[in-house]
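# Descriptive analysis of the structure
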Amino acid sequence: QLHCLQGVSDMARARCTDFLAGLLVWSIVLGGGLLVSAGCRAPGRVGLPEELFESEDITKHSAPHRSFDHRPYEFIWADREPETEHLADFERLLGWRIESADDVDATLERGQEVQLWGEYVGLLKFESPVSNGWVRLIPIQPIRLHDPADTATLWLHQPQEQPEEVLRSRLALVVKDTKGEEHIVDFGPLWQPGWRLLYARWPAELRTSAAYPIEIKGLKWFELPPGAGTIHLDALSLFVDATEPVRYPRRPRRPVALRDGQLEGINQGEGELAFPSKATTVIPVGDTNDVSNRLEIEETEAHVFTIERADAPNPAFRVHAGEGLERILVLWDGTIVGEVSFALAGMDYEAGRPVVVRKEAERLYLEFARGDILRFAMQEQTLVVDVHFRGRVVSTWRMALTEGDGPLDWLAVPYLTNGAAGSPLLAVTELEDQPVFLHLSIDPYRSNASRLEWCEEGRQVSAIYDPVTDGRRNDAHERFILTAAPQIGQVLPKIPNPPGERRDELSRRIVLQSAQPTSLQARLQEFIGAEQAGLGAFLYLAGEEIWRQQDESRSFRKRANPHAGGDSVLKEFIRGVAERTEGRVALYTHPAELSPLNAAWSRNALLLQSDATWRPAGPWAFTPRPVFSLLWWLDHLDTVHERFAPGAYWMDGITADPPWAFTDYDRRVTGAGTFSQALFAFGDLFDSLSNGTAVPLLGDARTVQFYGGLLDGVLTREHIAWRPYNPYHKLHRIQPLTVTYGPPLTARDNEKTSAYIANQLAYGNALALAWAIPMDVQQWRAIYTMRPLQELYTTSSPSRLMYSDGDQYLRASEALGSGLWQRSWLYTQYGDDLELWVNGHAEEPWTVQAGGRSYRLPPSGWLARGPDVFAFSGVFDEVRVEVVRSAQALFVFDEDGEFDWDVLATLLDDELPPVDQWEWMAEDQAAVWRPEP
């Protein structure tokens, strides 16, 4: 049984429709407007626009023919025009009717509470006492379509107070093909309040001319929950997507040698990119490679080769290539320490054994009947395998590292994540008390793949070639890297980027992040107050609220949110922070999403997935092409920078995911189907922004191995397994290039704050705070402890990194090989001056000797001694103390407020200032004394 027009009888419904039809005729004759309700209801009330700051009153930008304007302010600014014809615009509802499931009451009206393309939108309401109800909107006659289409879009608006259950309901287009068969084109869940562009790709059976002509029978709102809900609808469009040509200007060349047929994308212009700065890219070789290698053929018939270093003991790699590439054995002094297996998917390896085997200058070439080539070469402790397979048939190249004659221990390496869920692992074994490290990876700068993937808990890596939008794959070009060495530094991949030019500017600043909503004027006053209390130099990350209100877009923005004060308020805030405090403001940018509301919106700007669909970026936006992001910022950087003059740029979004999350599969675009196009486009963007603004750039630490150095600083999210301490890769590979900020401190108790500080000191991170007012003693502990130390260590790798067993110190390689590292008694030295001890053990205290004295470090305790700085949190003379002395201040902390001033004076070898000269805080748990200027 169907409810039509809220249960009105057929006769009453006919009378209602006739009355509306007659009224519409008179309204046309009289030239008047009319709000029509398909449920015979009075029109909804038109609400007043949200109040705006007078300085940024957007009503002056309204279209002159509108008496009022309830469109999103971005629409008003951009004066957007439709890209496609609107088959249904809901400006007139005459003849539309409603069908609904049992017990579901529904109405359809015209509304003006919100607006988009025209004066009116369709306002659809339902009320139901049961679950899983549905409503259908049916036009006066089916919309007939003769030409094939492949895409449908519909604008949807939901009120902010929409019940959560309604947000999970779905909307679909009902279509009947030429055979009379009905199809449901599902737009998916409603998800999000505010304006959204619903998008659906036609099913394959409706993308052929044989299905046409088709009829649009209406819309279906289904999976409705009990209760009530409201949606606004506008601008239903059907069209053929991705037909216009897409051309982008050329950018500087990539400074890596590519094989013939390997796609360079847009990097075919004049000049050369600044990265990678090493021809060896990620291969962990030294500055020179003058050690000779030796290639031996052991069994010609079976094609078994050994490539080894000329001096022993050193790694040797035994290549078994009897039927293609079968496996590689890794040997150390004759012992098999690991085995690498290969898998090739997507093609039938009909060529069998190599038809040509060539040895040239200690390099091995295997050539196959199809013209495919495998090349093997050794650089120091690394075997480099170059793969070049043509024919566009390879879907996956996979390598897996497993143990050899003995077991392997697998170590997760913090900050070596590649931005992926499955992170690469480091393998280690011991041979006669000698550690041997093994690592397997792929060179991303030479890859032609669509994406990389780590499986089996990081032991296996795959280069995957997905088809582009025309159904074909790219040729397979890869460089696999297999390394074995006795020192961890000889195994871990390098970051082939120049160091950040403005990391020194960040080294003295702490980062402040806030999710607390407040006005920019109020935030400035908070900073001024904190400055007077000793906050010092900071960098405030201004979040997305500076751009958007509710669901407007937050990327590709040149104008600030008028509901938060607009351009003038944001500019004054940035200037006020710089002039009245020691702080700077980092301007939030998010070039990884493009809202349909945005002035920059264009279907040609969108990244296409392998199935030719738009890649979503959250519920309200889609992912733009990396090349579009690069060129938009190059075009508008001067405007944005001159308008707001921020102290830094916060490049969120594109640095939170690996470059293969942004692979563009659109065959019309050069470089389609290769993640390297995204890698080089984003790197080009960062380099160009840095050169064009002369202020620091910040990004996400998840992808620091790709963008470290191109970014001056990176922000750590909560994805690091901090203990047991294994900071070698972070300190020796990342730290010389970029400043790393730890995750924001949110702890409000002593034990958690101690653990936080200890972890950040061990990994050489700078301080980030979750900004909260009033500031508490835990925040001040972190500020006074970490700031003077981070200025000394955040831009250089340590001169020594060692672990202690309580009696002696072992170098990192020995400790990692023996397992001692898991005790996490860590010692680092920076240069000749700064020494740092951190106890990362969960239970055992650690007694250290330094400067002729004995210090006991409890779990999460630390000791730092350097030029003009001394920091200690532990037990001295059987007294628990925490103190930091720097050139700027003397800080003491005691959770119980019971300070032993005599012990502190002995510890510092100095007479302490009188108690009345200290500034006390947090119920006398901490105090700070500052020398006179």
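Coordinates for the structure precede this section.
Residues numbered from 1 in each chain as written. Predicted model: local features only at pLDDT ≥ 70, side-chain atom pairs only at ≥ 80, totals over all residues. Heavy atoms only, no water.

## A look at the overall build of the chain
Helix and strand content of the chain: 14 helices and 48 strands. For the chain, whose C-alpha radius of gyration is 33 Å, the value lies close to the compact-globule estimate of 30 Å for 933 residues. Taking the principal axes of its C-alpha atoms as reference, the chain extends roughly 100 × 90 × 55 Å. The buried share of the chain, reckoned over its 933 residues, is 59%. Of the contacts formed within the chain by residues at least 6 apart in sequence, a portion of 68% connects residues at least 24 apart. Element-wise, carbon and sulfur atoms account for 46% of the exposed surface of the chain, whose accessible area totals about 36,800 Å². Counting 88 positive and 133 negative side-chain charges, the chain places the centres of these two groups 6 Å from one another. (Helix = DSSP H or I, 4+ residues; strand = E, 2+ residues; numbered from the N terminus. Rg over C-alpha atoms; globule rule 2.2 N^0.38 Å. Buried < 20%, exposed > 50% of the residue type's maximum accessible area, 1.4 Å probe, protein only. Contact = heavy atoms within 4.5 Å. Areas by Shrake-Rupley, 256 points an atom, 1.4 Å probe, with all protein chains shown as cover. Lys, Arg positive; Asp, Glu negative; His and termini not counted. Charge placed at Lys NZ, Arg CZ, Asp CG, Glu CD.)

## Details of the packing of aromatic side chains
All chains considered together, the criterion is met by 53 aromatic pairs. Relative to Phe480, the ring of Trp397 lies with its centre 6.0 Å away and its plane at 55°, an arrangement referred to as tilted. Residue Trp397 is found in strand S22 (residues 396-403), and its partner Phe480 is found in strand S28 (residues 476-485); the two are separated by 83 residues along the sequence. With respect to class, Trp397 is no different from Phe480; both count as buried. An aromatic cluster is present here, built from Trp454, Trp660, Phe675, Phe686, Phe706 and Tyr707 joined pairwise through their rings. (Phe/Tyr/Trp six-rings, centres within 6.5 Å; stacked < 30°, edge-to-face > 60°.)

## As for the pattern of salt bridges
According to the stated counting rule, one finds 43 salt bridges in the structure shown. A salt bridge links Asp241 to Arg603; the nearest nitrogen and oxygen atoms lie 2.8 Å apart. With a gap of 362 residues between them, Asp241 in the loop between strand S12 (227-239) and strand S13 (293-299) and Arg603 in the loop between strand S31 (583-589) and helix H7 (626-644) connect regions that are remote in the sequence. Residue class for Asp241 comes out buried when judged on its relative accessible area of 6%. (Salt bridge = Lys/Arg side-chain N within 4 Å of Asp/Glu carboxyl O.)

## Some points on the sheet that holds strand S21 (residues 382-389)
The strand order across the open sheet built from eight strands is S18-S19-S20-S21-S28-S25-S24-S23, with neighbouring strands paired in antiparallel fashion. The sheet terminates laterally at strand S18 (356-360) and strand S23 (409-412), the two strands that pair on one side only. Averaged over all pairs of adjacent strands, the angle between strand axes in this sheet comes to 20°, irrespective of strand direction. Direction of pairing for S23 relative to strand S24 (residues 425-431): antiparallel, over a ladder of four bridges. For Ala412, the partnering residue across the bridge sits in S24 and is Leu425. (Pairing = 2+ DSSP bridges. Axes fitted to C-alpha atoms, helices over the stretch in contact; angles between N-to-C directions.)

## Re unusual backbone geometry
Note the cis peptide between Phe275 and Pro276, where omega equals -10°. If you trace the backbone, Pro276 turns up in the loop between S12 and S13. A cis amide bond, omega -5°, links Arg723 with the succeeding residue Pro724. Relative to the elements of secondary structure, Pro724 occurs in the loop between strand S34 (713-715) and helix H10 (728-734). Even without a glycine there, the phi angle at Ala242 is positive, about 60°. Following the sequence through the fold, Ala242 ends up in the loop between S12 and S13. Of note in the backbone geometry, Glu380 takes a positive phi value of approximately 55° without being a glycine.

## Topic: the side chain of Thr483
Its place among the elements puts Thr483 in strand S28. For Thr483, a relative accessible area of 1% puts it in the buried group. In terms of polar contacts, Thr483 uses its side chain to reach the side chain of Thr382, at 2.8 Å. Aside from chain neighbours lying at most four places away, what touches Thr483 is Pro284, Gln381, Thr382, Phe437, Leu438, His439, Gln490 and Val491. (Polar contact = N/O pair within 3.5 Å; in protein donor to acceptor, adjacent residues only side chain to side chain.)

## What to know about the environment of Gly565
Within the secondary structure, Gly565 is located in the loop between strand S30 (538-542) and helix H6 (566-580). The class for Gly565 is buried, based on a relative accessible area of 0%.

## Points about the environment of Gln487
Among the secondary structure elements, Gln487 is positioned in the loop between S28 and helix H4 (503-507). Residue class for Gln487 comes out partly exposed when judged on its relative accessible area of 40%. Here the alpha-carbon distance between Gln487 and Gln160, two residues 327 residues apart in the chain, equals 58 Å. The contacts of Gln487, once residues within four sequence positions are left out, are Phe437 and Ser813.

## Considering the sheet that holds strand S36 (residues 768-770)
Strand order in this open sheet of eight strands is S35-S34-S33-S32-S31-S30-S29-S36, and the pairing throughout is parallel. Bordering the open sheet on either side are strand S35 (739-741) and S36, each of which pairs with just one other strand. The average angle at which neighbouring strand axes cross in this sheet is 25°, direction not considered. The sheet contact formed by strand S29 (residues 510-513) and S36 spans three bridges and is parallel. Across the sheet, the residue bridging to Leu512 is Leu769, located in S36.

## A short note on the nonpolar core
Counting 206 residues, the largest nonpolar core has Ile328, Phe376, Trp397 and Phe686 as the members making the most contacts within it. With nine residues, H7 is the largest single contributor of residues to this core. Excluding its chain neighbours within four sequence positions, the residues that come into contact with Ile328 are Phe317, Arg318, Val319, Gly338, Glu339, Val340, Phe342, Phe376, Leu383, Val385 and Leu482. Counting 41 residues, the second largest nonpolar core, distinct from the first, contains Leu108, Ala200, Leu224 and Ile231. (Core = buried A, V, L, I, M, F, W, Y, C linked by side-chain atoms within 4.5 Å.)

## Some thoughts on helix H8 (residues 675-693)
Over its 19 residues, H8 runs 27 Å from end to end, which matches the ideal 27 Å to within 8%, given 1.5 Å per residue. In terms of residue burial, H8 counts as a mostly covered element, since 16 of its 19 residues are buried. The positive-phi residue at the C-terminal boundary of H8 is Ala694, with phi of around 60°. (Expected span 1.5 Å × (residues − 1).)

## Things to note about the pairing of strand S4 (residues 121-128)
Burial within S4 is extensive, with six of its eight residues counted as buried. Across seven bridges, strand S3 (residues 105-111) lies against S4 in antiparallel orientation. Note that in S4 the partner of Thr107 across the bridge is Lys125. When S4 meets S12, the two strands line up antiparallel, connected through seven bridges. Residue pairing in the sheet places Lys125 in a bridge with Thr230 of S12.

## Here's the deal with the packing of H7 against H8
The angle between the axes and the distance between the axes are what describe a pair of packed helices. Interhelical geometry of H7 versus H8 gives an angle of 10° and a closest axis separation of 9 Å. Our classification of the angle between H7 and H8 gives roughly parallel. Residues Pro626, Val627, Ser629, Leu630, Trp633, Leu634, Leu637 and His641 of H7 touch H8, and the partners they reach there are Gln677, Ala678, Ala681, Phe682, Asp684, Leu685, Ser688, Leu689, Gly692 and Thr693. Taken together, the residues that form the contact of H7 with H8 break down as 11 nonpolar, six polar and one charged. (Parallel < 35°, antiparallel > 145°, perpendicular 65-115°, else oblique. Nonpolar A, V, L, I, M, F, W, Y, C, P; charged D, E, K, R; others polar.)

## Looking at the packing of helix H11 (residues 750-762) against helix H12 (residues 777-793)
Look at H11 against H12: their axes get within 11 Å of each other, and the N-to-C directions meet at 10°. With respect to H12, the axis of H11 lies roughly parallel. On the side of H11, the interface is formed by Asn750, Thr753, Ser754, Tyr756, Ile757, Gln760 and Leu761, while H12 contributes Gln778, Arg781, Ala782, Thr785, Met786, Leu789 and Tyr793. For the contact of H11 with H12, a count of residues per class yields seven nonpolar, six polar and one charged.

## Overview of helix H5 (residues 520-532)
End to end, H5 covers 19 Å across 13 residues, agreeing with the expected 18 Å (1.5 Å per residue, within 8%). Here H5 has its buried residues at Leu520, Arg523, Leu524, Glu526, Phe527, Ile528 and Ala530. Elements that come into contact with the buried residues of H5 comprise S29, S30, H6 and H12. The first or second residue beyond H5 is Gly534, which carries a positive phi of 105°.

## Here's the deal with the pairing of strand S39 (residues 825-830)
Remark: a regular strand shows side chains that alternate across the two faces of the sheet. The buried fraction of S39 amounts to six of the six residues, a majority that puts the element mostly inside the structure. Residues of S39 alternate between two faces, with Trp825, Tyr827 and Gln829 on one and Leu826, Thr828 and Tyr830 on the opposite face, all of them buried. Pairing of strand S37 (residues 800-804) with S39, which is carried by four bridges, proceeds in the antiparallel orientation. Bridge pairing links Arg800 to Gln829 in S39. Two successive antiparallel strands, S39 and strand S40 (residues 834-839), enclose a turn made up of three residues, where Gly831 displays a positive phi of approximately 65°.

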